[in-house]
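Given next are the chains, with one letter for each unit.
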Amino acid sequence: MKDIIEKIEIIKGDITKIKVDAIVNAANRSLLGGGGVDGAIHRAAGRELLKECETLHGCDTGDAKITKGYNLPCKYVIHTVGPIYKDGNSNEDKLLYSCYKKSLEILIKNNLRTIAFPAISTGIYGYPKEEAANIACDAVIDMLKNYGDKIDQVWFVCFGDIDYEIYKRLLKIKLDID
Ligand code: AR6
C-alpha cells in the first residue's frame, strides 16, 4: 500500500492551473464544451482545443478521448463523459468507475505518467459527492495496484472544502493511513 499512498495527492484548487502530463475534463457526449470544469478548461486552453475536439465526433458516457492541452500548463487533456445521476440504479456506478479507468488507460497508452482528476459527475450531472468519491478512489487504487509501474502520480483536484474533506477521509480509510 505504501507505493500507492505516495502516488495519490489530494489538493484544493483549480485544475486548469495544474502542471501535469494530463488533466481530465468532465465533458459531455458532444465534447464541444459546456459549463463547470469543462467551460473552465476550454476557456484556459483557447479555441484550438475546441477545434481539435470537433474532429473527435463525440464520446460515449464512461469512455474517454485525448487532445493536446494548448494554452494550459498541462501537456494533454483527457476528456471523459461521466453519467448523469438519475436514481443510483441506472448503471451510474459502473459508468463513473469506467471514466477513471479509461482515462488512466489512455494515460498509459500515451506513455504519460502524471494525471489530475476533477470530481467527475458531481456538479451539473448531480452525482452524490460521497458516493462519487468512493468510486473515484476505488478505480484509481485498482489501477495503481495493476499498473503502478506505469503511473507516477494521480492528483484528485477538489474545487471546495467539502470534496477535499471527503477524499481525505475516504483515502485514509481505504489506504489504512494513520
Ligand atoms: N477545477 C477543478 N474542479 C472544478 C473546476 C475547476 N476549475 N470547476 C468546477 N469543478 P461539473 P459534471 C468541479 O459540473 O458534473 C459541463 O457542462 C465541480 O465543483 O464541471 O461531470 C459538461 O459539458 C465539481 O465538483 O461536471 C457537461 O455537460 C466537478 O468539478 C456537464 O457539465 C464536476 O462538476 C458535466 O457535469
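Residues numbered from 1 in each chain as written. Predicted model: local features only at pLDDT ≥ 70, side-chain atom pairs only at ≥ 80, totals over all residues. Heavy atoms only, no water.

**Focus on the environment of cysteine 137**
No. 1: Along the chain, cysteine 137 falls in helix H5 (residues 129-147).
No. 2: Classification of cysteine 137 by relative accessible area gives buried; the value is 1%.
No. 3: Between the alpha carbons of cysteine 137 and asparagine 89 there is a distance of 20 Å; along the sequence they are 48 residues apart. (Helix = DSSP H or I, 4+ residues; strand = E, 2+ residues; numbered from the N terminus. Buried < 20%, exposed > 50% of the residue type's maximum accessible area, 1.4 Å probe, protein only.)

**Observations regarding the site of the ligand**
No. 1: By nearness alone, 22 residues border the ligand, and Asn28, Gly35, Val37, Asp38 and Ile124 come closest of all.
No. 2: Serine 121 places a polar main-chain atom, nitrogen or oxygen, 2.8 Å from an oxygen atom of the ligand.
No. 3: Between the ligand and isoleucine 124 there is a distance of 2.8 Å, counted from an oxygen atom to a backbone nitrogen or oxygen.
No. 4: In the complex, the protein chains occlude 91% of the 700 Å² of accessible area that the ligand would expose alone.
No. 5: For the ligand, the cavity whose grid points lie within 2 Å of the majority of its atoms is the largest pocket.
No. 6: Mapped by element, the contributors of at least two residues to the shell around the ligand are strand S2 (22-27) and helix H2 (36-45).
No. 7: With 4 residues, the single largest contributor to the shell around the ligand is H2. (Near = heavy atom within 4 Å. Polar contact = N/O pair within 3.5 Å; in protein donor to acceptor, adjacent residues only side chain to side chain. Areas by Shrake-Rupley, 256 points an atom, 1.4 Å probe, with all protein chains shown as cover. 1 Å grid on protein atoms, 1.4 Å probe; cavity = no way out; pocket = protein on both sides within 12 Å on 5 of 7 lines; lining within 4 Å. Sits in = over half its atoms within 2 Å of the grid points.)

**A look at the packing of aromatic side chains**
Any two aromatic rings considered together are summarised by their centre-to-centre distance and by the angle between their planes.
No. 1: Within this structure, the stated rule accounts for 4 aromatic pairs.
No. 2: The interplanar angle of 35 degrees and the centroid separation of 4.7 Å between the aromatic rings of phenylalanine 156 and tyrosine 167 together place this pair among those described as tilted. Taken as a pair, phenylalanine 156 in strand S6 (residues 153-158) and tyrosine 167 in helix H6 (residues 161-174) lie far apart in primary sequence, 11 residues in all. Of the two residues examined, phenylalanine 156 and tyrosine 167, each falls in the buried class.
No. 3: Each member of the aromatic cluster is reached from another via a ring pair, and the members are Tyr100, Phe117, Phe156 and Tyr167.
No. 4: In this structure, lysine 12 is placed above the aromatic ring of tyrosine 164, and the distance from its NZ or CZ to the ring centre is 5.0 Å. (Phe/Tyr/Trp six-rings, centres within 6.5 Å; stacked < 30°, edge-to-face > 60°. Lys NZ or Arg CZ within 6 Å of the ring centre and 35° of its normal.)

**Here we look at the sheet that holds strand S4 (residues 76-81)**
No. 1: An order of S1-S6-S5-S2-S4-S3 is seen for the 6 strands of this open sheet, with the pairing classed as mixed. Among the strands making up the open sheet, the edge pair consists of strand S1 (8-12) and strand S3 (64-68). Neighbouring strand axes in the sheet, compared pairwise and without regard to direction, differ in orientation by 25 degrees on average.
No. 2: Bridge analysis of S3 against S4 gives 5 bridges, and the strand direction is antiparallel. (Pairing = 2+ DSSP bridges. Axes fitted to C-alpha atoms, helices over the stretch in contact; angles between N-to-C directions.)

**Brief notes about the packing of H2 against helix H3 (residues 47-54)**
For any two helices packed against each other, the geometry is given by the interaxial angle and the distance between the axes.
No. 1: Between H2 and H3, the least distance of the axes is 6 Å, while the angle of their chain directions is 115 degrees. In terms of their interaxial angle, H2 and H3 are classed as roughly perpendicular. Each of Ile41, His42 and Ala45 in H2 lies in contact with H3, whose residues at this interface are Leu49, Leu50 and Cys53.
No. 2: Of the residues that constitute the contact of H2 with H3, the class distribution is 5 nonpolar, 1 polar and no charged. (Parallel < 35°, antiparallel > 145°, perpendicular 65-115°, else oblique. Contact = heavy atoms within 4.5 Å. Nonpolar A, V, L, I, M, F, W, Y, C, P; charged D, E, K, R; others polar.)

**Quick look at the packing of helix H4 (residues 92-109) against H5**
No. 1: At a minimum axis distance of 9 Å, the contact between H4 and H5 shows a crossing angle of 35 degrees. Considering the relative orientation of H4 and H5, their crossing is right-handed. Contacts between H4 and H5 involve Asp93, Leu96, Tyr97, Tyr100, Lys101, Leu104, Glu105 and Ile108 from the first element and Ala132, Ile135, Ala136, Asp138, Ala139, Val140, Asp142, Met143 and Tyr147 from the second.
No. 2: Along the lines of polarity and charge, the residues of the contact of H4 with H5 split into 12 nonpolar, no polar and 5 charged. (Left-handed = near helix turned anticlockwise from the far one by under 90°.)

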